[in-house]
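If you want the building blocks of each chain, they are given just below.
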Protein chains: 2
Amino acid sequence: MSPDSAADLMQGPLAIAHLGLDDVINGARSSGVPVTQVEFQPPAGGDPKRLRKLSELYKPKIAKAIEQANQQALEKLLAGQPQLIGVGVARELIPDMQADLFLHAGPPIEWERMSGPLRGAVIGGILLEGLAKTPAQAEKLAAAGKVSFEPCHHHQCVGPMAGLVTSSMPVWIIEDKNSGRRSFCTLNEGLGKVLRYGAYSPEVIERLGFMADILAPILSETLQAHGPVDLKMLMAQALQMGDEGHNRNRAGTSLLIRELAPAMVRLKRDSSDISRVLEFIHSNDHFFLNLSMPMAKCILSGVEDVPFSSMLSVMARNGTDFGIQLACMPGRWFIGPAQDIEGLYFPGFSKDDANPDIGDSTIMETVGIGGFSMAAAPAIVQFVGGTAEDALETTRRMGQITIGRNPVWTIPQLGFAGAPTGIDLQKVVEFNLLPAINTGIAHREPGIGQVGAGLTLPPWECFYAAFDAFYEHCRH
Amino acid sequence: MSPDSAADLMQGPLAIAHLGLDDVINGARSSGVPVTQVEFQPPAGGDPKRLRKLSELYKPKIAKAIEQANQQALEKLLAGQPQLIGVGVARELIPDMQADLFLHAGPPIEWERMSGPLRGAVIGGILLEGLAKTPAQAEKLAAAGKVSFEPCHHHQCVGPMAGLVTSSMPVWIIEDKNSGRRSFCTLNEGLGKVLRYGAYSPEVIERLGFMADILAPILSETLQAHGPVDLKMLMAQALQMGDEGHNRNRAGTSLLIRELAPAMVRLKRDSSDISRVLEFIHSNDHFFLNLSMPMAKCILSGVEDVPFSSMLSVMARNGTDFGIQLACMPGRWFIGPAQDIEGLYFPGFSKDDANPDIGDSTIMETVGIGGFSMAAAPAIVQFVGGTAEDALETTRRMGQITIGRNPVWTIPQLGFAGAPTGIDLQKVVEFNLLPAINTGIAHREPGIGQVGAGLTLPPWECFYAAFDAFYEHCRH
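Residues numbered from 1 in each chain as written. Chains lettered and ligands numbered in written order. Predicted model: local features only at pLDDT ≥ 70, side-chain atom pairs only at ≥ 80, totals over all residues. Heavy atoms only, no water.

1. Focus: helix H14 (residues 388-398) of chain B
Side chains of residues three or four places apart in an α-helix project in the same direction, reflecting 3.6 residues per turn. Residues and elements named next belong to chain B. Taken together, the buried positions of H14 are Ala388, Ala391, Leu392, Thr394, Thr395 and Met398. Angularly, the buried residues of H14 cover 155° about the axis, an arc narrow enough to put them on a single face. At its buried positions, H14 is contacted by strand E14 (402-411) and strand E15 (417-423). (Buried < 20%, exposed > 50% of the residue type's maximum accessible area, 1.4 Å probe, protein only. Helix = DSSP H or I, 4+ residues; strand = E, 2+ residues; numbered from the N terminus. Arc of directions from axis to C-beta. Contact = heavy atoms within 4.5 Å.)

2. A look at the interface of chain B and chain A
Every contact between the two is made by 35 residues of chain B and, on the other side, 35 residues of chain A. Carbon and sulfur atoms make up 57% of the surface buried where chain B meets chain A, a total of about 3000 Å² over both sides. By the criterion of area lost to chain A, the three top residues of chain B are B:Met241, B:Arg258 and B:Val265, representing 24% of everything that side buries. At the boundary of chain B with chain A, the tally comes to two salt bridges. The residue A:Asp285 makes a salt bridge to B:Arg258 at a minimum N-O spacing of 2.7 Å. Taken together, the connections running from chain B to chain A amount to 16 residue pairs in polar contact (both at pLDDT 80 or more). Elements with a contribution of two residues or more to the side of chain B that touches chain A: helix H10 (250-265) and helix H11 (271-282) of chain B. Per element, the largest residue contribution to the side of chain B that touches chain A is 11 residues, and it comes from H10(B). (Buried area = accessible area lost by both parts, 1.4 Å probe. Salt bridge = Lys/Arg side-chain N within 4 Å of Asp/Glu carboxyl O. Polar contact = N/O pair within 3.5 Å; in protein donor to acceptor, adjacent residues only side chain to side chain.)

3. What to know about a nonpolar patch on the surface
A cluster of nonpolar side chains, contributed by A:Phe346, A:Phe349 and A:Ile448, occupies part of the molecular surface with about 220 Å² of accessible area. Relative accessible area serves as the criterion here: at 31%, A:Ile448 is assigned to the partly exposed category. (Patch = residues over 30% accessible without salt bridge, like charges linked within 9 Å, V, L, I, M, F, W, Y side chains within 5 Å. Areas by Shrake-Rupley, 256 points an atom, 1.4 Å probe, with all protein chains shown as cover.)

4. Remarks on the confidence of the model for chain A
This prediction gives chain A a mean pLDDT of 93; 95% of its residues lie at or above 70. This prediction of the complex comes with two scores: 0.91 for pTM and 0.89 for ipTM. (pLDDT = per-residue confidence, 0-100.)

5. Structural notes on the domain arrangement of chain A
All names here are of chain A. Partitioning chain A into structural domains gives domain 1 (3-40), domain 2 (48-78 + 303-475) and domain 3 (83-296). Of the residues lining the interface, 52 residues belong to domain 2; the matching set on domain 3 comes to 47 residues. Taken together, domain 2 and domain 3 are joined by one salt bridge. Arg113 is paired through a salt bridge with Asp321; the nearest N and O atoms lie 2.8 Å apart. Our count for the domain 2 to domain 3 interface comes out at 22 residue pairs in polar contact (both at pLDDT 80 or more). Put simply, the parts of the chain that give the side of domain 2 that touches domain 3 at least two residues each are strand E9 (312-318), strand E10 (321-326), strand E13 (358-359), helix H13 (363-367), strand E14 (402-411), strand E16 (437-442) and strand E17 (450-456). Element by element, the count of residues in the side of domain 2 that touches domain 3 is highest for E16, at five residues. (Domains from an automatic or database assignment.)

6. Here's the deal with the packing of helix H9 (residues 231-239) of chain A against helix H12 (residues 289-300) of chain A
Packed helix pairs are specified by the crossing angle of their axes together with the interaxial distance, meaning the distance between the axes. All names here are of chain A. Between H9 and H12, the shortest axis-to-axis distance is 10 Å and the interhelical angle comes to 120°. As summarised for this structure, H9 and H12 are arranged oblique, according to the angle between their axes. The way H9 lies across H12 gives a crossing that is left-handed. In contact with Leu231, Lys232 and Met235 of H9, H12 contributes Leu291, Ser292 and Met295. (Axes fitted to C-alpha atoms, helices over the stretch in contact; angles between N-to-C directions. Parallel < 35°, antiparallel > 145°, perpendicular 65-115°, else oblique. Left-handed = near helix turned anticlockwise from the far one by under 90°.)

7. Re the packing of helix H11 (residues 271-282) of chain A against H10(B)
It is the contact of H11(A) with H10(B), at a shortest axis distance of 8 Å, that shows an interaxial angle of 165°. It follows that H11(A) is roughly antiparallel to H10(B) by the angle criterion. For H11(A) against H10(B), the interelement crossing comes out left-handed. Contacts from A:Ser271, A:Ile274, A:Ser275, A:Leu278, A:Glu279, A:Ile281 and A:His282 in H11(A) reach B:Arg258, B:Glu259, B:Ala261, B:Pro262 and B:Val265 in H10(B).

8. Here we look at the sheet that holds strand E7 (residues 182-186) of chain B
Residues and elements named next belong to chain B. A sheet is described by the order of its strands in space; here four strands give the open sequence E7-E6-E3-E8, paired in antiparallel fashion. Of all strands in the sheet, those bounded by a partner on one side alone are E7 and strand E8 (229-230). For strand E6 (residues 170-176) and E7, the ladder comprises five bridges, and the chain directions are antiparallel. If you follow Trp172 over to E7, its bridge partner there is Cys185. (Pairing = 2+ DSSP bridges.)

9. A short note on the relation of the copies chain B and chain A
The transformation that overlays chain B on chain A combines an axial shift of 0.0 Å with a rotation of 180°, and the residual RMSD is 0.1 Å. Both copies of the chain, as the preceding transformation shows, are related through a two-fold rotation axis. Distance from the rotation axis, computed per C-alpha, reaches its smallest value in chain B at B:Met241: 2.1 Å. (Least-squares fit on C-alpha atoms with pLDDT ≥ 70 in both.)

10. What to know about the packing of aromatic side chains
Residues and elements named next belong to chain B. Taken as a whole and assessed by the stated rule, the structure comprises 12 aromatic pairs over all chains. Judged by centre distance (5.9 Å) and plane angle (80°), the ring pair of Trp172 and Phe287 falls under edge-to-face. Remark: Phe287 occurs in the loop between H11 and helix H12 (289-300) and Trp172 occurs in strand E6; sequence separation between them is 115 residues. Taking relative accessible area as the criterion, Phe287 reaches 0% and is therefore assigned buried. Here the aromatic rings of Phe210 and Phe280 are separated by 5.3 Å at their centres, their planes lie at 65°, and the arrangement is edge-to-face. (Phe/Tyr/Trp six-rings, centres within 6.5 Å; stacked < 30°, edge-to-face > 60°.)

11. Some thoughts on the sheet that holds strand E11 (residues 334-337) of chain B
Residues and elements named next belong to chain B. Here four strands make up an open sheet; going across it, the order is E11-E10-E9-E13 and the pairing antiparallel. Both outer strands of the open sheet, E11 and strand E13 (358-359), are each paired with one neighbouring strand and no more. In the packing of helix H16 (residues 460-475) onto the sheet, contacts are made with strand E9 (312-318), strand E10 (321-326) and E11, and the angle to E11 comes to roughly 160°.

12. Here's the deal with the state of the cysteines
Taken as a whole and assessed by the stated rule, the structure comprises zero disulfides over all chains. Left without a disulfide partner, B:Cys157 is nearest to the cysteine sulfur of B:Cys152, which lies 5.2 Å away. (Disulfide = S-S within 2.5 Å.)

13. Quick word on the pairing of strand E5 (residues 148-151) of chain A
Residues and elements named next belong to chain A. Burial along E5 is one-sided: Phe149 and Pro151 are buried, while Ser148 and Glu150, pointing the other way, are not. Pairing of strand E4 (residues 101-104) with E5 involves four bridges; the strand directions are parallel. Across the sheet, the residue bridging to Phe102 is Phe149, located in E5.

Below, the structure written as structure tokens:
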């Protein structure tokens, strides 16, 4: 603005658009001058130490190293070719699996700090494995340290909600076509009272029996007959059909059924068992989630160990803590408290019943699906009373904190732009913008199950802790 | 604008925004005054006679009768409850079906005026029915008047593209839950060389044999075991999953497979036949179109005979003519020439190979699906190089020429607004706005098949003819 026009401006009545702290402008405001406050947050939450670190990371030499590392991580992410190749049993497939080892969602946690739904799932798992006969006995056993707990992520596994994996459970086998790298996930149990939401009643255990005895063998034989299924392409098609791949998996599940049914029917198997399997999958629109999650894990395990990359390789919650990992420091957790969820509740339940955020399913957002691809699923905004425009806006916003776009996972609603992919820790901190997460809601007590679904955010704590560690990593 | 401010306006340099005929403003333009021409067309294409008729129809007494009739027609349309109840054989089910009667798409037409793809389909139908042994014999037979031709629509039938129905063909049976009113359609043959696109080679006839001998009986038994399928709900779900229900039917086909597969597997049938049926449906994303078309016909046959209603009850093309019918004058055709299609062509084909618009599938647009629900299927705009915004705009525009919205068929991308439903002839003429149609493109020669897909419009002739007749109808 030239001095002249600034002078011109002051000739009219004074009005102020203010960007900054309230206190600075309160004098003008109290004199009756109209003040419009511009929404603004300084970078890095305005913390002077973090701001200084951020500036350091922008020095040309370091910035260039980070940029190159992130491009390398992005290339690795986009090069992933995850295929569904089979179904097997956890103890025979998962690295270092043991009879008394219980894998769970999220970062490491001991029994004492476990939330209700995770405890409920552990009780169910102990009953399933025959280590105890009653829930009370099972709880005593767990509290006495008679079983070990480790995160799924430490064993190339992911699990939705409680994410419990025990040695006898059937698991999907996902393999990267190029590297042979594998990941695993249990099969989705369906809706209502299910182990992953912390329910362990006889119907839950009985259903797990059907899954191990009938569902898994039939799927295993079907895949042997059919050959590998390209999950990345299936996900791409589902995004064109209104799935965002986390809270909505109706298209993915439908596409899986039509892909596998012809081969399944040809099996030398009792036709009523095959029918039951098809009915079981048909009755559960989230069946595909337990395939897309290990697909995402298989892709993201390929970006581990890229020094100087600020890309996230893991986001996961155990119902108590939210943990993240970085591509440059594989295996190291950065932790914060699991958050509440904004959502819609099933009839008879409310926010008071809800457990904080739980599950490994945030691997979907970590790879660019779920909240990041919200624009693909305008129907999902019904969950939270939003609009189709909100869904577009969420995906646009996530584009600010990601390293690139996935050209295979395109979103028709955004002119076939690729899904925003590869969360950049540095951008999250700089823009004060947390990853948007879609998720289910578990009851806080063990034994009950799902009570709703909605949207949430990770805690800042884990991002700030990761940022401090990333800063140290880059300095050395 | 007050006189003062008008005077103020004239003090600055002159610029003109002009709405009307070029000639009026050419004087100013040649004097160097900048002129912005506003896009404008007078109502009813500016034809003085039609304008006068339009004014007559707006006289309170007639306008009220039309308004009430249209609301009644809309209620009837929305009350439709079309269900898929079975599969049977044309000669046993279709009213007044005969061994030598060949039903075809669109308004009535004799052999001499038939386009290539319709002729090709007739040749194929004659071969299929064993009335001739070679295509040359079949052609001679058809030319000699040895078979009769009538529109599908005269027999509660609809057929995509050539729409040929012969007496031995299997047909879907759709029944309105409340009235018992029925409609029929053949089963979709798949892609490539198929009868409906005018191909009649041995592979085409062989496939029709498989459909009659294996596909249809298995589907018939499956539906007996499964019970009726609510097609209106299935269509509603498909709209939430990226189908617009005419050029894209991937979701509808997927949902049908997962719905029927469990019951199909339980049939006492050879498992390799069941597998072949599932594979056949899986291999053809348009399989659902032959269900949604008779669904639409079943709904729209419920709005026939509503005096004074300007709602369209039929739009259909035979490849030579485009015909429409009105709810107030059931059975009476208004005709114009079938139009060219703007679209994408399969490799090796171009616009020169294309037959004009053909098929009864415009019944989808007539009921509010297809071009009218384009907003639900942003992926479809790839066909014509458009954007997701174009898709939204098409549905918004069609809202201007429809009588209401269908609350069951909601479009997430437009804030769950209902599909614009019930085309209003009077609004089409008044706003100079033709219904948007999505469609496949057939080769103009018999025997070749599909060469592309795209968008088109009906000819004005049939709308103007219908409007003149509607005017006479309302005056008496």
